[in-house]
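Breakdown of the fold
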4 protein chains.
Amino acid sequence: MGSTPQPRRGNTRQRIQDVALGLFAEQGYEKTSLREIAEKLDVTKAALYYHFKTKEDILVSIFEDLNRPVEELIAWGETQPRTLETKTELLHRYSNAMADAAPLFRFMQENQATVRDLSIGDTIKHRVLGLVDLIKEPDAPLTDQVRCFSALFTLHAGMLALRDVEGDPEEKRKAALEVAVELVTRAHDPETPR
Amino acid sequence: MGSTPQPRRGNTRQRIQDVALGLFAEQGYEKTSLREIAEKLDVTKAALYYHFKTKEDILVSIFEDLNRPVEELIAWGETQPRTLETKTELLHRYSNAMADAAPLFRFMQENQATVRDLSIGDTIKHRVLGLVDLIKEPDAPLTDQVRCFSALFTLHAGMLALRDVEGDPEEKRKAALEVAVELVTRAHDPETPR
Amino acid sequence: MGSTPQPRRGNTRQRIQDVALGLFAEQGYEKTSLREIAEKLDVTKAALYYHFKTKEDILVSIFEDLNRPVEELIAWGETQPRTLETKTELLHRYSNAMADAAPLFRFMQENQATVRDLSIGDTIKHRVLGLVDLIKEPDAPLTDQVRCFSALFTLHAGMLALRDVEGDPEEKRKAALEVAVELVTRAHDPETPR
Amino acid sequence: MGSTPQPRRGNTRQRIQDVALGLFAEQGYEKTSLREIAEKLDVTKAALYYHFKTKEDILVSIFEDLNRPVEELIAWGETQPRTLETKTELLHRYSNAMADAAPLFRFMQENQATVRDLSIGDTIKHRVLGLVDLIKEPDAPLTDQVRCFSALFTLHAGMLALRDVEGDPEEKRKAALEVAVELVTRAHDPETPR
DNA sequence: GATGAATGAGGCTTCATTCAT
DNA sequence: GATGAATGAAGCCTCATTCAT
């Protein structure tokens, strides 16, 4: 005796999320089938449906779990004065949050068309706009708004597009952060020499 | 003359491309079926196969047509001296090219996961890297490389992410261009004050 | 006293039958899933299996409970002389039995295709034929046999098809009973003027 | 050479309808799967979807084809004076129509729960009420309304419930028709001796 | 007296693709 | 230059049922 059929451990839900996120990030949402997820877990498709109502629900649950830090970040930001220090701190923390949930962010970046139509689409949009609102001055001119958006995208890029650039990932993240801070600084204090 | 409103023959191929790109950009590649394309054109699916070998082939053909200006841009860039003027001009031209082929760029931005696995994935990657190569100095430090990537993404953002920002599209494009130029300028001439 | 609003234990079996019959009658047998029944009871599906062997078993148990009056009616009829009074009394009692178990009769009427294949199919058939046998004369001509069948169906109709006719349900039942009696009377005494 | 793969005759649509109706009538709608229909036709399931949009659409198309005679019958009835002759003629024609489309009527009788929820449910209900309206006097008392409903159900019974009675089908139909006429006659001319 | 976790079978539907005409 | 008919693979999802706890 020894290994009975299967330990039937209570962590199946978590394992589904992990495997699913891995595949979603790697192949895309639509190209990942539930069959594939189930097989990788050595479970039947029906088992997935015991834990989640639909395929989309799997993604939503992953998103809700990993998204919490960002929500908290925004909530924190809203309690702070809109100083340059706060903004810089926001970028730092956001960069860290992204690094912690890298696969999810990669997924969202690479599957925008899909994500847009899913129920999380709005949430994401609100979140980005919320972050930008914390980073830009209320009546910032268009150019400064663009700087703030760019700062955020630069952080994303630090994680994604720079994969094709040689160098240590952590260093690339740092460099992206530096550029992002620079953009936000310039937007914060318009008098800086053009 | 006497041109009745008959469906001008001979342009079906073009019409397929137009409709397909519209749907690909709007809904995503996988979520757009050939049935949908055919119905919108009031043609049968089989007709699509008369003009294109596969679904992917439709996309590839669109890409090849609309991508030519960018290829030419890179080719032109390679003949020019790597001055700031050249770089600025490259950004201008690239921004224009994007505006001319907006749906295609939107599609590529929002369907990265899909595009990556398709035959055009490599082409796109090479193209971006080629552009960055023209824009950055050969041995630029990491931070400057990031600036150059960011400049490019900023142009994309000017077209896409800024949709949720109020303002005239053309002005947004201009603003994005301004920020992009700024980033490249800074990367070009490191002595610029912090 | 002291009866807190706790779910009275011990009556789960009954509650399952009630809810199941309600849903079976409302939606049909195949379109009602055990999940639905369980959810409406705020119990798990597995709980249903503690009380019943199979889905069909739930239906069978309902049928057996509610069908008893009809069995007794037939048994009673078999002890009576085959007079017109007896027949009339049978129709009255049958009509009452139907009113008491309306959802079950509705279910059987609207799910004949399903019921036929289930184990209760034969029982029902025998029961109807048994009733007709009590109501018609042994060697009645075909037309009179039809009258007897019609009498029975008229009672059913009084409960079901007449839902779309305005009027008090009880009055409709009475009217149906009157017509049924008339049909059986005519079958009983062939000399009645054509 | 000789028999090529399959004649690919253009009657597939019709064949699907025939086979489907046969199975629907025999086993019920829900218990008949598209797989079963396809196999019986030696076609793939996907072929069914070339000809019909959904499973329900198959049924609807069958219904629409076979229902036409009844619609015409009602239309005809509405142009006639509401005499007893007209009513009798209506019953005759309706009985014939039922005999011509026996499987469909059997299906509708035995799958009421299913049919009710399908798009044809309302059509059927309207049709029955329309027929009754032609057969009963405008302000007929409840009992006479019941007689008219009963007349219709008797015709159905002549086709269905009487299967378990010995005798030639055609004779049974005649007998049912006779009883139905009798019921309508009685409803038409209330003075008839009770 | 009931739950939590899972299964195996099968349901309907959609898709990209083919090919004879 | 296109259609009509069909296919094979696969998709998501639901169901009745089981069983250890």
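Since the structure is predicted, the reported quantities are computational estimates derived from the model, not experimental observations.

Helix and strand counts for chain A stand at 10 helices and 0 strands. The helix and strand sequence of chain A, counted from the amino end, reads α-α-α-α-α-α-α-α-α-α. Overall size of chain A, expressed as C-alpha extent along the three principal axes, is 75 × 35 × 30 Å. Across the 194 residues of chain A, 49% fall into the buried class. Intrachain contacts of chain A at a sequence separation of at least 6 include 67% that bridge at least 24 residues. Of the roughly 9,800 Å² of accessible surface on chain A, a fraction of 51% belongs to carbon and sulfur atoms.

Counting residues at the interface gives 42 residues for chain D and 42 residues for chain C. When chain D packs against chain C, the two sides together hide about 3,500 Å² of surface, and 58% of this comes from carbon and sulfur. Inspection of the region where chain D meets chain C yields 10 salt bridges. A salt bridge links D:Arg147 to C:Glu182, with the nearest nitrogen and oxygen atoms 2.3 Å apart. Put simply, chain D and chain C have 16 residue pairs in polar contact (both at pLDDT 80 or more) between them. The element that contributes the greatest number of residues to the side of chain D that touches chain C is helix H9 (residues 142-159) of chain D, accounting for 10 residues. Residues belonging to the side of chain D that touches chain C are distributed by class as follows: 16 nonpolar, 10 polar and 16 charged.

Of all C-alpha pairs spanning chain A and chain C, none lies closer than 12 Å, and the two are not in contact. Chain B makes no contact with chain D; the smallest distance between any of their C-alpha atoms is 12 Å.

Taken together, the neighbourhood of DNA strand F is formed by 35 residues, with A:Tyr49, B:Thr44, D:Thr44, D:Tyr50 and D:His51 sitting nearest. Among all atoms of DNA strand F positioned within 4 Å of the protein, those belonging to sugar or phosphate total 63%. C:Leu34 places a polar main-chain atom, nitrogen or oxygen, 2.9 Å from a phosphate oxygen of DNA strand F. Residue D:Thr12 places a side-chain N or O atom 2.9 Å away from a phosphate oxygen belonging to DNA strand F. Broken down by secondary-structure element, the contributors of at least two residues to the surface near DNA strand F are helix H2 (34-41) and helix H3 (45-51) of chain A, helix H3 (45-51) of chain B, helix H2 (34-41) and helix H3 (45-51) of chain C together with helix H3 (45-51) of chain D. Looking at the surface near DNA strand F residue by residue, the classes come out as 14 nonpolar, 12 polar and 9 charged.

By convention, interface size is frequently given as the accessible area that disappears when the constituent parts associate. Residue and element names in this part refer to chain A. Taken domain by domain, chain A consists of domain 1 (1-53) and domain 2 (59-188). Averaged C-alpha coordinates put domain 1 and domain 2 at centres separated by 30 Å. In this complex, domain 1 contributes 11 residues to the contact, which on the side of domain 2 involves 13 residues. Where domain 1 abuts domain 2, roughly 940 Å² becomes buried across the two surfaces, and 66% of that area is made up of carbon and sulfur atoms. The largest per-residue losses of area from domain 1 upon contact with domain 2 belong to Leu21, Ala25 and Tyr29, which jointly make up 55% of the total buried on that side. Between the two partners, domain 1 and domain 2, sit 0 salt bridges. Class assignment of the residues belonging to the side of domain 1 that touches domain 2 gives a composition of 6 nonpolar, 2 polar and 3 charged.

The positions UniProt marks with the feature "DNA-binding region" (unreviewed entry) are residues 33-52 of chain A. End C-alpha to end C-alpha, residues 33-52 of chain A measures 14 Å, and it is 75% helix and 0% strand.

Let's shift gears to the protein's contact with DNA strand E. Looking at DNA strand E, there are 35 residues lining it, with A:Thr44, A:Tyr50, A:His51, C:Thr44 and D:Tyr49 nearest. Sugar plus phosphate: this is where 63% of the atoms of DNA strand E within 4 Å of the protein reside. One nitrogen or oxygen atom from the side chain of C:Thr12 is found 3.3 Å from a phosphate oxygen belonging to DNA strand E. Between DNA strand E and the protein, one listed contact pairs a phosphate oxygen with a side-chain N or O atom of C:Thr44 at 2.4 Å. Elements with a contribution of two residues or more to the surface near DNA strand E: H3 of chain A, helix H2 (34-41) and H3 of chain B, H3 of chain C together with helix H2 (34-41) and H3 of chain D. Along the lines of polarity and charge, the residues of the surface near DNA strand E split into 14 nonpolar, 12 polar and 9 charged.

Glancing now at the packing of aromatic side chains. Enumeration over the complete set of coordinates arrives at 16 aromatic pairs over all chains. Centre to centre, the rings of A:Phe24 and A:Tyr29 are 5.1 Å apart; their planes meet at 55°, and the pair counts as tilted. For A:Phe24, a relative accessible area of 0% translates into the label buried. For A:Tyr29, a relative accessible area of 7% gives the class buried. Both rings, one in B:Tyr94 and one in B:Phe105, keep their centres 5.9 Å apart while their planes meet at 80°; by these two values the pair is edge-to-face. Taken as a pair, B:Tyr94 in helix H5 (residues 84-100) and B:Phe105 in helix H6 (residues 102-110) lie far apart in primary sequence, 11 residues in all. Here the aromatic residues A:Phe24, A:Tyr29 and A:Phe107 are joined through ring pairs into a cluster of three or more. One residue, B:Lys55, lies across the ring of B:Tyr29, its end atom 4.4 Å from the ring centre. Sitting over the ring of D:Trp76, D:Arg93 keeps its end group 4.0 Å from the ring centre.

The rules behind these values
- Residues numbered from 1 in each chain as written.
- Chains lettered and ligands numbered in written order.
- Predicted model: local features only at pLDDT ≥ 70, side-chain atom pairs only at ≥ 80, totals over all residues.
- Heavy atoms only, no water.
- Helix = DSSP H or I, 4+ residues; strand = E, 2+ residues; numbered from the N terminus.
- Buried < 20%, exposed > 50% of the residue type's maximum accessible area, 1.4 Å probe, protein only.
- Contact = heavy atoms within 4.5 Å.
- Areas by Shrake-Rupley, 256 points an atom, 1.4 Å probe, with all protein chains shown as cover.
- Buried area = accessible area lost by both parts, 1.4 Å probe.
- Salt bridge = Lys/Arg side-chain N within 4 Å of Asp/Glu carboxyl O.
- Polar contact = N/O pair within 3.5 Å; in protein donor to acceptor, adjacent residues only side chain to side chain.
- Nonpolar A, V, L, I, M, F, W, Y, C, P; charged D, E, K, R; others polar.
- Near = heavy atom within 4 Å.
- Domains from an automatic or database assignment.
- UniProt positions renumbered as here; feature names shortened; annotations may be inferred.
- Phe/Tyr/Trp six-rings, centres within 6.5 Å; stacked < 30°, edge-to-face > 60°.
- Lys NZ or Arg CZ within 6 Å of the ring centre and 35° of its normal.

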